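Each chain is listed here by its residues.
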Amino acid sequence: MSAAPLSARYRTAFVTGASTGLGLAFTEMLLGEGVEVWGTARDAARLPARPRFHAVSLELGDGPAAERSFLAAEQVAGGFDVVINNAGFGAFGDFAGTDFSVWQRQLEIMLVHTARLSHAALRGMLARRRGALVNISSLAAEYPMPFQATYNTVKSGLSALSESLMFETAGTGVIVIDFRPGDYRTDFEPSVQRPAELTDPRQQRVWAAFGRLMQSGPAPAHAAASLRRALARGRSGTVRTGRFFQAVAAPFLARLGSLALRRRIIARYFDL
Ligand SMILES: NC(=O)c1ccc[n+]([C@@H]2O[C@H](COP(=O)([O-])OP(=O)(O)OC[C@H]3O[C@@H](n4cnc5c(N)ncnc54)[C@H](OP(=O)(O)O)[C@@H]3O)[C@@H](O)[C@H]2O)c1
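Residues numbered from 1 in each chain as written. Predicted model: local features only at pLDDT ≥ 70, side-chain atom pairs only at ≥ 80, totals over all residues. Heavy atoms only, no water.

Caption draft 1: Looking closely at the site of the ligand. As a structural note, the neighbourhood of the ligand is formed by 30 residues, with S19, R46, Y151, Y184 and T186 the closest of them. Between an oxygen atom of the ligand and a side-chain N or O atom of R42, the distance comes to 2.7 Å. Looking at the shell around the ligand, the elements that each hand over two or more residues are α1 (21-32) and α4 (149-169). Residues that form the shell around the ligand fall into these classes: 13 nonpolar, 11 polar and 6 charged. (Near = heavy atom within 4 Å. Polar contact = N/O pair within 3.5 Å; in protein donor to acceptor, adjacent residues only side chain to side chain. Helix = DSSP H or I, 4+ residues; strand = E, 2+ residues; numbered from the N terminus. Nonpolar A, V, L, I, M, F, W, Y, C, P; charged D, E, K, R; others polar.)

Put into structure tokens, the structure is as follows:
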């Protein structure tokens, strides 16, 4: 791994969802590396006040407005060398029993509008023949979580988008990183949208297991260190990060084992 600060390669960065959790950790890591960062939240007052940090108000629920905020920041920055599509949230419940509008909103915000920002970011990077596009996917892209159907769909789709873009950007000076964290201790679990009361015992067990996994995960700085290594390598690729079982063993089993084995692992893991 390069010992040189990331600012030797990347001057500016744009990070969505920089107010808490992984996005805040990525932001702090980049600032510590001498990179100038534009970070977003729906309410800019939730963003940190730091030297070389620029607060941007951005609501991913409105795709065209989010793109306008991105383009305005890009113009001020003179182009972004790193764009991290990180903002996101969870929704828990059975697919058929939950109003379709809940699933549709999650798909639009986390897949369609995130793809819109990837599209805008890539145009700027390709024009300048430099940059790193980082899409924050999840281990859920290969190990779907029970009762989070749309989240799994979003993250599989986002990983497929990143993998597709790796082919398109080869040889252009632009890299694409498909970043797949396992469980990390952030504000994600407390902010998951779910019914006020879960009456189905299977959902209750899965929800309890999900909470235990999230609360026992590593701190976000661990994910930021993984991302630092990937950016320092300067190559497109997929990064799996988290505790050993989730970052190494489970993906290895997914590649070598059958789909039936993978489903058994998921059921056992989530107490189903
Ligand atoms: N934590 C994990 O274990 C884990 C594992 C795999 C993948 N991930 C992914 O990592 C990313 C960050 O999650 P996290 O764990 O750091 O969660 P978090 O602590 O809840 O942070 C989520 C961030 O997203 C922003 N956000 C949420 N909804 C938004 C919207 N509609 N428009 C704009 N910004 C919005 C929030 O900003 P405001 O609320 O301040 O607006 C916040 O900064 C997500 O994409 C998540 O799916 C997390």
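Caption draft 2: Highlighting the sheet that holds strand β1 (residues 12-15). Here 7 strands make up an open sheet; going across it, the order is β3-β2-β1-β4-β5-β6-β7 and the pairing parallel. Every other strand in the sheet has two partners, leaving β3 (53-57) and β7 (237-241) as the edge strands with one partner each. The mean angle between the axes of side-by-side strands here comes to 15°, regardless of whether they run parallel or antiparallel. Bridge analysis of strand β5 (residues 131-136) against strand β6 (residues 174-181) gives 6 bridges, and the strand direction is parallel. Along β6, the bridge assignment pairs N135 with D178. Contacts between α4 and the sheet are confined to β5, β6 and β7, with β6 contributing the most and set at about 155° to the helix. (Pairing = 2+ DSSP bridges. Axes fitted to C-alpha atoms, helices over the stretch in contact; angles between N-to-C directions. Contact = heavy atoms within 4.5 Å.)

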